[in-house]
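Residues per chain, in single letters:
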Amino acid sequence: MVLLVLDEAANIPGTILPSIRHLLRVFTLQPLWTLFLSTYNSIPKLQPALKEDPSARIRRRQFERHEPFVGLQLDIELDKRFGDQELAKEELSKPLGSFATPDHLTLFGRPLWRIHSQSPLETLCSFVEMKLLGGTVVFDFNNQNHVFAVLSFRILLDPCINCEESTKLVTESVNSHLRLVIGMDQEASSFRTISPSEPIVAHVAASLLMGGGYTLTSCQGRDPTLVWSRSITILSHLLARGVVDKGLKGELLARILVILTRDFMFSKSPGWDPVTFNWSQSFRALDFLASLIHPSYHSILFDFLPMTTPTRSTKHELTDVKDFKTTFNNARMNMNHFTSTETHLLPENVPELLWELMRQCAGLQLSGTQPAWDLLIPMYLGPEMEPFDPNYLSAIAIQVKNTKRKNKLRLGAFETAYFRELQQPVITILIDFGVSSDDLPKCLYASGSMQKGTACWGMQLQGSGSGVWNVLGNMNLDAACKELRSVFSAPEQDDSLHFELCNLNNRFNRHTRSERFIGCFANEDSDADAN
């Protein structure tokens, strides 16, 4: 067998590609395999849409083409370790404090990062930064390609489909900024892409957004407010033009707030420097919440103590329950980016899922059809430098609402069932972006002894400005986020007759005849008069 490999195939002139294909067909019956390799998104060039293929026999379906192979695997080194019983045991016993080392961070994502697994962190990060920025040495926060690439690895951005501008943006991101192709349609030569969960890339992106940089000294020391402000403005424009998908309920805005809070909190650490600082280390959950939420609400939330006398919901005394601050005093987090899932949560899988998220320094955007919750962030209540014990795992679960109507904070059996296999208390947050922030936060507690499972602490926060979200005021980003918030603003409620008549044209918004047909109302009125 002969294996012919053409590397960097994207550089082959388009005019001679048909000749190469014709030549290779001569060897159809011979043991010859030809591989066209390219790190650039060369699919439209090497394999255009079927109707645009230069070969008439392919267009008429007399010949078939091989589908491009894009399933190159991530996390290969980790897969090897889990294939060995002793190595797997050693890997799973790593303490939380070791998750921020180069050897651990490079286990996830491309095998390329393992080149510097034993190098100093700055050497590794310089290499990753060069790849993330497409070979350039400056993060240009006025360049939408740079902003899209850097933010995608932090807050999980996806392009809108069937948009010419988004196609160009994604093509450049695949070609130059580490975005991966994960599928394609041969009929249209379109493709699906992701920014995969790679904690070392998110680590570098955090440094860039906070005014750092590993490859050019002149770019270090930028004002984090300026960098984030310009990046948010660019993102707002992409969302407004329909280039980037904004999601269903404002989850993207929630992810931005979480990442901003984490970065700002680190910037207040002693000896902080955007270049040498370890952006993947763990941090206290209480410090995170204090940086996220406005100080005027701290006493209401952090000093909250559930009732110690029986109620209709508890049906027993809560004699051993401490206040919120004491309960979560030792809780730690380590997420530095968000990734996503299309699979619904199963309670029996939640502990292992949280374990892997924590090992990968990730928070999780849940499926768009996931009941009850939208974001899941792992927490750990055990000792940071001792072997990892999954019995200390917990989570912050966030539900996002973006309506003008106030929503109700609930912690019933339906909402808490997902955490029944955890042995540590869970924090839940209901974010009401669409309503006024005039109301004080609400707190709720569901005891784990009510049903199988753990205790859940709930809080409800209303509004989207700096009066609620402390980080926006601390980083002077309230003005920059105003345009972003307008993209996510909830539609005004219209109770007019005209609105109702227009809405009737979406016929199956009403499920009964009396709701769908105006004549039914007249008949009902006539019957009532007759009686």
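Residues numbered from 1 in each chain as written. Predicted model: local features only at pLDDT ≥ 70, side-chain atom pairs only at ≥ 80, totals over all residues. Heavy atoms only, no water.

1. Things to note about the packing of aromatic side chains
Put simply, the rule reads: The criterion for an aromatic pair is that two Phe, Tyr or Trp rings (for Trp, the six-membered ring) have centres within 6.5 Å, with stacked assigned to planes under 30 degrees apart, edge-to-face to planes over 60 apart and tilted to the rest. Throughout, exposure labels follow a simple rule: accessible area from a 1.4 Å probe, protein chains only, divided by the maximum for the residue type, with under 20% read as buried, over 50% as exposed, and the rest as partly exposed.
All told, the structure shown has 16 aromatic pairs when counted by the stated rule. Look at Y380 and F388: their rings are 4.3 Å apart centre to centre, the planes differ by 20°, and that puts the pair in the stacked class. Overall, F388 belongs to the buried group, its relative accessible area being 6%. The interplanar angle of 70° and the centroid separation of 4.9 Å between the aromatic rings of Y445 and W457 together place this pair among those described as edge-to-face.

2. Observations concerning the environment of T106
Convention followed: Helix and strand assignments come from DSSP, with helices taken as H or I runs of at least 4 residues and strands as E runs of at least 2, each series counted from the N terminus. It only takes one pair of heavy atoms within 4.5 Å for two residues to be counted as in contact. Side-chain atoms alone can form a polar contact between residues adjacent in sequence; in general such a contact is a pair of N or O atoms within 3.5 Å, and within protein one must be able to donate a hydrogen while the other accepts it.
Relative to the assigned elements, T106 resides in the loop between α6 (102–105) and α7 (121–132). Counting along the chain gives 12 residues from T106 to Q118, while the straight-line C-alpha distance between them is 9.6 Å. Leave out the neighbours within four places in its chain, and T106 touches W113, R114, S117 and L124. Here the side chain of T106 touches D103 through a polar contact of 3.4 Å, landing on its backbone oxygen. Within the structure, T106 has its side chain in polar contact with the side chain of R114 (distance 2.9 Å).

3. Quick look at the environment of K322
Among the secondary structure elements, K322 is positioned in the loop between α14 (298–302) and α15 (324–327). Taking the C-alpha atoms as reference points, K322 and F304, separated by 18 residues in sequence, lie 8.9 Å from one another.

4. Digging into the pattern of salt bridges
What counts, and what does not: Salt bridges are counted wherever a side-chain nitrogen of Lys or Arg sits within 4 Å of a carboxyl oxygen of Asp or Glu.
The tally for this structure, following the rule as stated, stands at 18 salt bridges. Its salt-bridge partner being E384, residue R332 comes within 3.7 Å of it at the nearest N-O pair. Linking R332 in strand β6 (residues 332–333) with E384 in the loop between β9 (375–380) and β10 (393–401), this pair joins segments that are 52 residues apart in sequence. Linked through salt bridges whose partners overlap, the residues forming this network are E77, R81, E91, K94, D103, R114, E356 and R359.

5. Some points on the confidence of the model for the protein
Which entries qualify depends on this criterion: Within a predicted model, pLDDT stands for the predictor's per-residue confidence, ranging from 0 to 100.
Mean pLDDT for the protein: 85, with 88% of residues reaching 70 or above. Mean pLDDT across the elements of the protein ranges from a minimum in helix α22 (residues 518–530), with 55, to a maximum in β9, with 98. Every residue in residues 309–317 scores below 50 in pLDDT, and together they form 10 contacts with partners more than four places removed in sequence or on other chains.

6. A short note on the side chain of S236
Topologically, S236 is positioned in helix α11 (residues 224–240). The class of S236 is buried, set by a relative accessible area of 0%. Here L484 takes part through its backbone nitrogen, which lies 3.5 Å from a polar atom of the side chain of S236. Not counting residues within four places of it along the chain, the set of residues in contact with S236 comprises E483, L484 and V487.

7. Describing the packing of helix α12 (residues 251–267) against helix α19 (residues 478–488)
This is how the line gets drawn: Here the axes come from fitting lines to C-alpha atoms, over the contacting stretch only for helices, and the angles between their N-to-C directions go from 0 to 180 degrees. With respect to orientation, any angle under 35 degrees is reported as roughly parallel, any angle over 145 as roughly antiparallel, any angle of 65 to 115 as roughly perpendicular, and every other angle as oblique. Only Asp, Glu, Lys and Arg are considered charged, only Ala, Val, Leu, Ile, Met, Phe, Trp, Tyr, Cys and Pro nonpolar, and every remaining residue, Gly among them, polar.
Where α12 meets α19, the axes come as close as 9 Å, and the angle between the chain directions of the two elements is 150°. With respect to α19, the axis of α12 lies roughly antiparallel. Listed contacts from α19 to L252, L253 and I256 of α12 are L484, R485 and F488. Looking at the contact of α12 with α19 residue by residue, the classes come out as 5 nonpolar, no polar and 1 charged.

8. Describing the environment of H177
The topology assignment puts H177 in the loop between α9 (164–176) and β3 (180–185). Spatially, the C-alpha atom of H177 lies 8.4 Å from that of V150, the residues being 27 residues apart in sequence. If near-sequence neighbours (up to four positions away) are discounted, H177 is found in contact with K131, L132, L133, G134, N145, H146, A149, F153 and E172. At a separation of 2.8 Å, a polar atom in the side chain of H177 contacts the main-chain carbonyl oxygen of L132.

9. Overview of the pairing of strand β4 (residues 190–194)
Defined as follows: Note on pairing: DSSP must find at least two bridges between two strands before they are called paired.
The alternating pattern of β4 places F191 and T193 on a buried face and S190, R192 and I194 on a face that is not buried. When β3 meets β4, the two strands line up antiparallel, connected through 5 bridges. Residue pairing across strands places M184 opposite F191, the latter belonging to β4.

10. A short note on the pairing of strand β2 (residues 32–36)
Formally: Here is how to tell: hold the view so the strands point away, follow the path from the first strand over the helix to the second, and if it runs clockwise the crossover is right-handed.
Taken together, the 5 bridges between strand β1 (residues 2–6) and β2 define a ladder with parallel strand orientation. In the sheet register, L4 faces β2, and the bridge partner there is T34. In this region the chain leaves β1, passes through helix α1 (residues 17–25) and returns to the parallel neighbour β2; the handedness of that crossover is right-handed.

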